[in-house]
Amino acid sequence: MMRLRSARNHREALLAGMLALLLAVATGRPAVGDLVPPLDGAGIVVKAMPKDAPTTGPVVLVFLKPGDAHAARIVEDLHALRGRDERLARSSSVVAIISRFPGGGAPALPTFPKDWRVLHDTQDTLYTAYRIIATPSVAVVGSDKRLVGFHPGYGPALAAAIRRDLMLAIDGAGALVTPTPSRDGMNVQMGRALARRGLWERALGYYRKAAEEGELSAEAQLEMATLHLELGERDDALRLLEALAPAHANLPGIEDLRRRLTESVETPLPKPPPVP
């Protein structure tokens, strides 16, 4: 049985890697392992540079454009992630890259933490080089200037995915020796991919299929609860959170979801229209 599970995990990992590679090839974007473009191209304007910004170590590149619906949320998620893990924060840095500036007027941008670098990509140099198709998007780059991971669009699993990439960049492949549980199979992977694109309702459908096949991992249950909240289904999100909390109080992201649920009592989230 263990051999069958290991083989299935290996096949799923290979398939996920192949999908990521095909997407990179199709879009012309740097693939995992490729050298990435420098951050000092044409039209790049430095708007914020912390005095103690590290010059080595992995870098998280956050691609945004003015007025992004989820810009403030990804900033909050990353700030919370770095606050929870001091070693991770000390060993890496974050760069916000703003592209697609509208003509005239001050652009609508979130407030960035003081330890972030902020670049204005006034000629869309990096936006084009990374073939950005949705914002926010996040790229994690290793200290060797090679791409470790790329995540197009915002989704409930994004912070956890960034954490995995940083662990891989800082500690090497041995940091990820624990495989994704076999019960979180292709349906969960499909759900995560759709969630990263903001297709909450379609993503939730795949999580439900996975739940029908067997018990989800704690991480997948948290992602499912977050999807419910994105859809304005607060009671369902709260039910999943209450079931998780006793045994998984330290699960990355669980406190963020609890905070958002508390905030949603005062300001309910509107339910988006169904995605065709």
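Refer to the structure above for everything that follows.
Description of the structure in this document. (Residues numbered from 1 in each chain as written. Predicted model: local features only at pLDDT ≥ 70, side-chain atom pairs only at ≥ 80, totals over all residues. Heavy atoms only, no water.)

So, on to the overall build of the chain. Within the chain one finds ten helices and six strands. Considering the chain as a whole, with its 276 residues, one finds that 45% of them fall into the buried category. When contacts within the chain are restricted to residue pairs at least 6 apart in sequence, long-range pairs at least 24 apart make up 68% of them. When the accessible surface of the chain is summed, it comes to about 14500 Å², and 56% of that surface belongs to carbon and sulfur atoms. (Helix = DSSP H or I, 4+ residues; strand = E, 2+ residues; numbered from the N terminus. Buried < 20%, exposed > 50% of the residue type's maximum accessible area, 1.4 Å probe, protein only. Contact = heavy atoms within 4.5 Å. Areas by Shrake-Rupley, 256 points an atom, 1.4 Å probe, with all protein chains shown as cover.)

Nonpolar side chains in soluble globular proteins generally cluster together in the buried interior. Ranked by internal contacts, the top residues of the largest apolar core, which has 48 residues, are Val 60, Val 62, Ile 74, Leu 78 and Ile 162. For this core, the element with the highest residue contribution is helix H8 (residues 218-230), accounting for seven residues. The contacts of Ile 74, once residues within four sequence positions are left out, are Val 62, Leu 64, Pro 136, Val 138, Tyr 154, Leu 158 and Ile 162. In terms of nonpolar packing, the next biggest core, distinct from the first, is built from 16 residues, Val 59, Val 95, Leu 126 and Tyr 127 among them. (Core = buried A, V, L, I, M, F, W, Y, C linked by side-chain atoms within 4.5 Å.)

Glancing now at helix H6 (residues 186-196). Of all the positions in H6, only Asn 187, Val 188, Gly 191, Arg 192, Leu 194 and Ala 195 are classed as buried. Considered in projection along H6, the buried side chains sweep an arc of 165 degrees and stay on one side of the axis. Packed against the buried residues of H6 are helix H7 (200-213) and H8. (Arc of directions from axis to C-beta.)

Here the structure, examined in full by the defined rule, presents two aromatic pairs. When the ring of Phe 63 is compared with that of Tyr 130, the centres are 4.9 Å apart and the planes differ by 50 degrees; the resulting orientation is tilted. Of the two residues, Phe 63 is situated in strand S2 (residues 59-64) and Tyr 130 in the loop between helix H4 (125-129) and strand S5 (137-141); the sequence distance between them amounts to 67 residues. A residue is classified by how much of its surface remains accessible, and Tyr 130, at 0% relative accessible area, is buried. (Phe/Tyr/Trp six-rings, centres within 6.5 Å; stacked < 30°, edge-to-face > 60°.)

Inspection of the secondary structure assignment puts Arg 82 in helix H2 (residues 71-84). Residue class for Arg 82 comes out buried when judged on its relative accessible area of 10%. Polar contacts involving the side chain of Arg 82 include one to the main-chain carbonyl oxygen of Ala 89, which spans 3.3 Å. Not counting the four nearest positions on each side in its chain, Arg 82 is found in contact with Leu 88, Ala 89, Ser 92, Ser 93, Val 94, Asp 115 and Trp 116. (Polar contact = N/O pair within 3.5 Å; in protein donor to acceptor, adjacent residues only side chain to side chain.)

What follows is about the sheet that holds S2. Spatial strand order, S1-S4-S3-S2-S5-S6: six strands in an open sheet with mixed pairing. Strands with a single pairing partner mark the edges of an open sheet, and in this sheet they are strand S1 (44-48) and strand S6 (147-152). Adjacent strand axes in the sheet meet at a mean angle of 20 degrees, parallel and antiparallel pairs treated alike. The pairing of S2 with S5 spans five bridges and is classified as antiparallel. Of the residues in S5, the one forming a bridge with Val 60 is Val 140. Sheet strands in contact with H2 are S2, strand S3 (93-98) and S5, and its direction is about 165 degrees off that of S2. (Pairing = 2+ DSSP bridges. Axes fitted to C-alpha atoms, helices over the stretch in contact; angles between N-to-C directions.)

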